[in-house]
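# Fold and contact review
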Amino acid sequence: MTRQFAPFFMLLLLSFYTNAQQSSITQTSEVYKSVDTFNLKIDIFIPATGKEKRNAIVFFHGGGWVFGHTGEFHGACKRYAELGFVTFSVEYRLSVNEDGSYPHPNVTPYECVKDTRSAMRWVRKNAERFNIDPNRIAVGGQSVGGQLTLMTALADSVNEVTDDLSISPAPNLMLLYSSTVNTTEAWCDRIFGERDPRIWEISPYHNARPGMPPAIEFHGLDDNIVKFWTVRLFETRTKSMGNIFEIETYEGRGHYLGEGNEKYSRLFDEEIMEKTDAFLAKYGFMK
């Protein structure tokens, strides 16, 4: 091969490899729950077929129980599907009206918790269909998505009446990014409308108990939405109960740890993903 054609063939080979890698992932979407007027969907990313059971990661987006969408975690879903995981990004009810105003009269953070627990039960129920190990399901979330992640493990009393309660919604590992850990604050109160006693049932801090799945929290020290001291307080409480709760802190970073990163919707960057990999590997979720 002449030297002048070598770069062309290298680019052609790289393009073929990239396309083959992308085509090895199947992306689809299914309705996991119908409630009231909502048909809630879950986006699914499936790697190339293999005989061995696969591990799974389920993601919940943030947005203050009012905003956000499943696409925010598509970058992470694709990344982990390329690494052999079956990944999911979950839609849940949001407390916003059709005209964009909020809160929605029939949707509070309590309903959001119900939906994410329903989603986890759906994933576990369909584990065989997706060739997933039902005992190797990690859950991750950003901001209130982190709160929803924690409550899949902690909100025993919060369940949809149509759920099969014999199926556990609790994950085996938790990945938290700028996570809300205490819902007894003004924004949550506003979305509930008149103060609702159920606000205590969905607060991770107030429902912490022994036996929580291992968790890692990534948090910016300049986060002005979820103050870091609330996370440190939660860490002290949950560790005193014998739980594993690791924290990675970032000086000078705010609520969006990957500010400017388009691939991961500003939620985090590749360095944080690599630390997430290490945590997954530590607990046997990655080679």
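Preceding this paragraph is the structure being described.
This report concerns the structure included in the present document. (Residues numbered from 1 in each chain as written. Predicted model: local features only at pLDDT ≥ 70, side-chain atom pairs only at ≥ 80, totals over all residues. Heavy atoms only, no water.)

Once that is clear, we can look at the side chain of Arg93. Along the chain, Arg93 falls in the loop between β4 (86-90) and α3 (109-125). Among the polar contacts made by the side chain of Arg93, one reaches the side chain of Asp115 at a distance of 2.8 Å. Among the polar contacts made by the side chain of Arg93, one reaches the side chain of Glu160 at a distance of 3.1 Å. Here Arg93 is in contact with Lys33, Val35, Asp36, Phe38, Leu40, Val107, Glu111, Cys112, Lys114, Asp115 and Glu160, once residues within four sequence places are set aside. (Helix = DSSP H or I, 4+ residues; strand = E, 2+ residues; numbered from the N terminus. Polar contact = N/O pair within 3.5 Å; in protein donor to acceptor, adjacent residues only side chain to side chain. Contact = heavy atoms within 4.5 Å.)

Looking at chain direction, strand β1 (residues 26-35) and strand β2 (residues 38-46) are connected through nine bridges and run antiparallel. Directly across from Gln27, in β2, lies its bridge partner Phe45. Turn length for the β1-β2 hairpin, with the two strands adjacent in sequence and antiparallel, is two residues, and the turn residue Asp36 shows positive phi of about 55°. When β2 meets β4, the two strands line up antiparallel, connected through four bridges. Paired with Asp43 across the strands is Ser89, a residue of β4. (Pairing = 2+ DSSP bridges.)

Turning our attention to unusual backbone geometry. The step from Tyr102 to Pro103 runs through a cis peptide bond, and the omega angle for that step is 5°. Relative to the helices and strands, Pro103 resides in the loop between β4 and α3. Unusually for a residue other than glycine, Asn131 sits at a positive phi of about 55°. In this fold, Asn131 is placed in the loop between α3 and β5 (132-142). Despite not being glycine, Arg266 has its phi angle at roughly 70°, a positive value.

Looking now at the pairing of strand β8 (residues 245-250). Here is the key point about a regular strand: its side chains alternate between the two faces of the sheet. Where strand β7 (residues 215-220) lies against β8, six bridges are found, and the strand directions are parallel. Bridge pairing links His219 to Thr249 in β8. Once you follow β7 into helix α7 (residues 228-240) and on to β8, the crossover reads as right-handed. (Right-handed = clockwise from strand over helix to strand, strands pointing away.)

Before going further, it helps to examine the nonpolar core. One broad trend across soluble globular proteins is that nonpolar side chains are buried collectively. Core analysis: the largest hydrophobic core is formed by 50 residues, its most contacted members being Val58, Phe88 and Ile132. Take this core: its biggest share by element is seven residues, from α3. Residues Phe73, Cys77, Leu175 and Met286 belong to the second largest nonpolar core, which totals 27 residues. (Core = buried A, V, L, I, M, F, W, Y, C linked by side-chain atoms within 4.5 Å. Buried < 20%, exposed > 50% of the residue type's maximum accessible area, 1.4 Å probe, protein only.)

Now for helix α2 (residues 74-82). Within α2, seven of the nine residues are buried, leaving the element largely enclosed by the surrounding structure. Restricting attention to buried positions, one finds in α2 the residues His74, Gly75, Ala76, Cys77, Arg79, Tyr80 and Ala81. Of the surrounding elements, those touching the buried residues of α2 are β1, β2, β3 (54-60), β4 and α8 (270-282). Trailing α2 by a residue or two, Gly84 shows a phi angle of about 105°, which is positive.

Taken by themselves, the reported measurements are silent on function.
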